[in-house]
Amino acid sequence: MPSRQPLMPFPVAWSRISLLLLILFLSIAPAVASQVDGLYSAEVAVAGQSAEQRTEGIGRAFAEMLVKVTGNRGIAGRGELQEALKQSPRYVQQYRYRLIPGTGEESGSEADTSRLLTVQFDAEAVRRLLRELRLPVWGENRPAGIVWMGIESGGQRRLLQPESDSALMAAMTAAAEKRGIPLLLPLMDLEDQAAVQVADLWGNFIQNIRRGSERYSPDLIVTGRLARLSDQLWRVNWHLYQGDRSSIWRDEGGDPAQLAAAGIQRVADLLAERYAPVLGEGSLSRVRLRISGVNSLEQYARVGELLGSQSALERFELIAAEPEALTYELQARGGVQVLEQGLSLGGVIEPLPEPPEGGGALTEGIDLYYRMR
């Protein structure tokens, strides 16, 4: 299996790094985008605690975990995973049961649906399985999004409020957790209320919304306009903004909470298509990346952490070092575009507007030019 750990030949220009580099890699863990916990665990309802019921629950939990790890909602239906799904108990690290609050034994009832089974799977074994099958492994560092939602009912428009719209917020939060997406919801305190108005959502005044979102430092912005059309019908219009890219879609239904959850699911689908696409055989490509402005051990370690977090990379290797620049050879899944999207997260490096002049032999064959922020 290919390794994603960097091979570190030390050219003469970097010989001073020596043993200190190992110490820094062990001690420095900079934030890249948002760190998502619990990707390799899942919780499902079970009817009881028999061996048969436990095995069935583990299979469903395994499928849910795969959705989070790969980013793909339909991943469990792929043919190459069917044998692993049948053998899902072999990937279990630990499991436990708990009662659903307010039901079952806790309230004296004998209801069969009172238990939840929480399963923790072996992360390394799961990653090894997916890489052997050439399926995506979306790392723990993922783009965080903030959601601004407006509600229109009875001719009145207002912004989503934590106190009065807890069901909508809970639905969105639960959907984000199921997909492993970092979700930010505005506090809607006086600062938020002054920064973003309901008219900004309906007028699609994205510059105002961007300014109002700055305090949360999101990687992307989601806006939703939820409108009641009749007693039993709602419509929601969604926008997803990430950098200079945007996506628009609309949905209708009778349950506003389900519409809110479906919107977050769609956001997760779009992000997975960008950062963890499901690709076929022969999709690996060689990419050479040069990063300038690297003039300290800490910056060197930050670059290594960033590359190690990229789900699009099978492996990376340092092939050249200059006094203030590094060149890596990467094996990327999905090509340069997918890789660029991942490198944009976290604020570690940024693309150069144009290649440096007078680079000579050290810049020959370079595909991507970046610099430290």
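Going by the structure above, here's the rest.
What you see is a predicted model, and the numbers here were worked out from it, not measured in a lab.

Caption draft 1: Quick look at the overall build of the protein chain. If you tally the helices and strands in the protein chain, you get 11 helices and 16 strands. Residues counted as buried form 46% of the 373 residues belonging to the protein chain. Counted over contacts in the protein chain with a minimum sequence separation of 6, partners at least 24 positions apart contribute 67%. Total accessible area computed for the protein chain in this model is approximately 18,000 Å², and 49% of it derives from carbon and sulfur atoms.

Caption draft 2: Spatial organisation of the environment of L185. Mapped onto the elements of the fold, L185 is located in the loop between β8 (183-184) and α6 (190-195). For the pair formed by L185 and Y216, sequence separation is 31 residues and the distance between their alpha carbons is 9.2 Å. Beyond its immediate sequence surroundings of up to four residues, L185 is in contact with V147, M169, M172 and T173.

Caption draft 3: Main features of helix α8 (residues 206-213). Buried residues of α8: I206, I209, G212 and S213, and no others. All buried residues of α8 project into a common sector of 120° when viewed along the axis, lining one side. Taken together, the buried residues of α8 touch β6 (145-153), α6, α7 (198-202), β9 (220-230) and β10 (233-242).

Caption draft 4: The environment of S296, seen in detail. Within the secondary structure, S296 sits in the loop between β12 (284-292) and α10 (297-308). Expressed as a C-alpha distance, the spacing of S296 and E324, which sit 28 residues apart in the sequence, is 8.5 Å. Engagement of the side chain of S296 in a polar contact is seen with the backbone nitrogen of Q299, the distance being 3.1 Å.

Analysis parameters
Residues numbered from 1 in each chain as written. Predicted model: local features only at pLDDT ≥ 70, side-chain atom pairs only at ≥ 80, totals over all residues. Heavy atoms only, no water. Helix = DSSP H or I, 4+ residues; strand = E, 2+ residues; numbered from the N terminus. Buried < 20%, exposed > 50% of the residue type's maximum accessible area, 1.4 Å probe, protein only. Contact = heavy atoms within 4.5 Å. Areas by Shrake-Rupley, 256 points an atom, 1.4 Å probe, with all protein chains shown as cover. Arc of directions from axis to C-beta. Polar contact = N/O pair within 3.5 Å; in protein donor to acceptor, adjacent residues only side chain to side chain.

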